[in-house]
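What the coordinates show
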Amino acid sequence: SFRAVVVKGIHLHPFPLVESNINNYVKFHAREDDVWIVNWPKSGTHWVYEVVKLLITGREELTDSIKEGTMFPEACAVESLEKLPSPRVLDTHVPLKLFPEEALKQSKIIYTIRNPKDAFVSSYYHMKNNKGDLYDGTWNGYFDLTMDENTCLYGSWFDHVADWMEVLENNPNALVVKYEDMKRDLKKEVRRIAEFLGYPKSEEVYENVTTKCSFGHMKKAKKEPKSFWKPGGSMYRKGIVGDWKNHFTVAQNEKFNTIFNEKQNKLRVSVDFDIKEGTM
Ligand code: A3P
């Protein structure tokens, strides 16, 4: 199984004090200019975070932001979140039922979606290569644990997307961004994000943010904490669309597609499994 802490039935990354931090969310004071980046893991968190930070501050974010309490507030005490200057950019993978209620009513939310098959593969390598002993089994074992809603991390992908999309679909304070759209035309998504946030910028700025947020640049520029990865591990692994085809067996793909087809109408968002990079 995955090494996790179970809070209200959801398996979470075992950050120290994660349970009390989440329970303290009732004391969390949302701000109107907070920007939340929410997603099922490995669906573009760091990428969108970098875009948002560059748009807001004009600077690259090269620090280990978990320490500052911005990335993953569930890893931080509510009190330390209070001390962060506005506008705060906060990331979380929690399913809707664990999200602070006030933030849902008052703050901006960017929900990112990635082809779940690619997110599974990315998450598998994240867990294997992370020093936190999160998972040490095979891909097949990972697949079974992640398809099972009782053992997967951060809740099932299907429920995560369905529950979040239900509240975000017609919410003017929410924007849905797809990983595959960013791969296809990053500048277009940068502009969309800027306009949504109310920070419209010049073409030159969009161009600069797009360059700074290319996979190659981010992989090179970001300082990844050494304490975090085993040799060879990185938050910037491949950064491509379709790596699932190198991992899913035919049977796994069929099992996934069967469930996907059953639940598709609840997702309220199209997910294209066969997008080819650089086409369309
Ligand atoms: P892979 O493991 O498939 O390479 P998260 O930030 O949510 O943890 O997601 C990490 C995934 O996003 C990794 O996927 C990583 O390579 C990819 N990623 C991060 N920055 C990227 C960028 N600038 N362009 C494309 N993919 C990026």
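What counts, and where the lines are drawn
- Residues numbered from 1 in each chain as written.
- Predicted model: local features only at pLDDT ≥ 70, side-chain atom pairs only at ≥ 80, totals over all residues.
- Heavy atoms only, no water.
- pLDDT = per-residue confidence, 0-100.
- Axes fitted to C-alpha atoms, helices over the stretch in contact; angles between N-to-C directions.
- Helix = DSSP H or I, 4+ residues; strand = E, 2+ residues; numbered from the N terminus.
- Parallel < 35°, antiparallel > 145°, perpendicular 65-115°, else oblique.
- Contact = heavy atoms within 4.5 Å.
- Near = heavy atom within 4 Å.
- Polar contact = N/O pair within 3.5 Å; in protein donor to acceptor, adjacent residues only side chain to side chain.
- Areas by Shrake-Rupley, 256 points an atom, 1.4 Å probe, with all protein chains shown as cover.
- Nonpolar A, V, L, I, M, F, W, Y, C, P; charged D, E, K, R; others polar.
- Pairing = 2+ DSSP bridges.
- Expected span 1.5 Å × (residues − 1).
- Buried < 20%, exposed > 50% of the residue type's maximum accessible area, 1.4 Å probe, protein only.

**Topic: the confidence of the model for the protein chain**
Looking at the protein chain, the pLDDT average stands at 91 and 94% of residues meet or exceed 70. Reported for the predicted complex are a pTM of 0.95 and an ipTM of 0.99.

**Description of the packing of helix H7 (residues 139-147) against helix H13 (residues 250-267)**
Direction vectors running N to C along H7 and H13 enclose 10°, while the axes themselves pass 12 Å from each other. Taken together, H7 and H13 sit at an angle that is classed as roughly parallel. Each of Trp139, Asn140, Phe143, Asp144 and Met147 in H7 lies in contact with H13, whose residues at this interface are Gln252, Lys255, Phe256 and Ile259.

**As for the environment of Ser86**
Secondary-structure assignment places Ser86 in the loop between helix H4 (78-82) and strand S4 (89-92). Separated by 54 residues in the primary sequence, Ser86 and Glu32 place their C-alpha atoms 9.5 Å from one another. Non-local contacts of Ser86, meaning those with residues more than four positions away in its chain, are made with Arg31 and Asp33.

**With respect to the site of the ligand**
In the vicinity of the ligand, 18 residues are found, and the nearest of them are Thr45, His46, Ser122, Lys238 and Gly239. Within the side chain of Tyr179, one N or O atom sits 2.7 Å away from a nitrogen atom of the ligand. Take Lys238: an N or O atom from its main chain is 2.6 Å from an oxygen atom of the ligand. Protein burial of the ligand: of its 570 Å² of free accessible surface, 98% is covered by the chains. Among the elements of the structure, helix H2 (45-57) and helix H12 (215-221) are those that each provide at least two residues to the shell around the ligand. Per element, the largest residue contribution to the shell around the ligand is three residues, and it comes from H2. Counted by class, the shell around the ligand contains seven nonpolar, seven polar and four charged residues.

**Some words on the sheet that holds strand S3 (residues 35-38)**
The sheet built from four strands is open, its strands ordered S4-S3-S5-S6 with parallel pairing. Looking along the sheet, the strands with just one partner apiece sit at the ends: S4 and strand S6 (174-178). Put simply, the sheet's adjacent strands are angled 20° from each other on average, direction ignored. Pairing of strand S5 (residues 108-113) with S6, which is carried by five bridges, proceeds in the parallel orientation. Among the inter-strand pairings, Tyr111 is bridged to a residue of S6, identified as Val176. Relative to S5, helix H8 (residues 157-168) is tilted by about 145°, and along the sheet it contacts S3, S5 and S6. Contacts from helix H10 (residues 186-197) reach S3, S5 and S6, with the element oriented near 170° to S6.

**Points about H8**
For H8, with 12 residues, the first-to-last C-alpha span of 16 Å sits near the 16 Å given by 1.5 Å per residue. Within H8, the full set of buried residues consists of Trp157, Phe158, His160, Val161, Ala162, Trp164, Met165 and Leu168.

**Focus: unusual backbone geometry**
Of note, the amide linkage connecting Ser86 to Pro87 takes the cis form, showing an omega dihedral of -5°. Mapping Pro87 onto the fold places it in the loop between H4 and S4. Of note, Lys8 is a non-glycine position whose phi angle comes to about 50°, a positive value. Mapped onto the secondary structure, Lys8 falls in the loop between strand S1 (5-7) and strand S2 (10-12).

**Re the pairing of S5**
Buried residues dominate S5, accounting for six of its six residues. Residues Lys108, Ile110 and Thr112 line one face of S5 and the alternating positions Ile109, Tyr111 and Ile113 line the opposite face, and both faces are buried. The pairing of S3 with S5 spans four bridges and is classified as parallel. Bridge pairing in S5 places Val38 opposite Tyr111.

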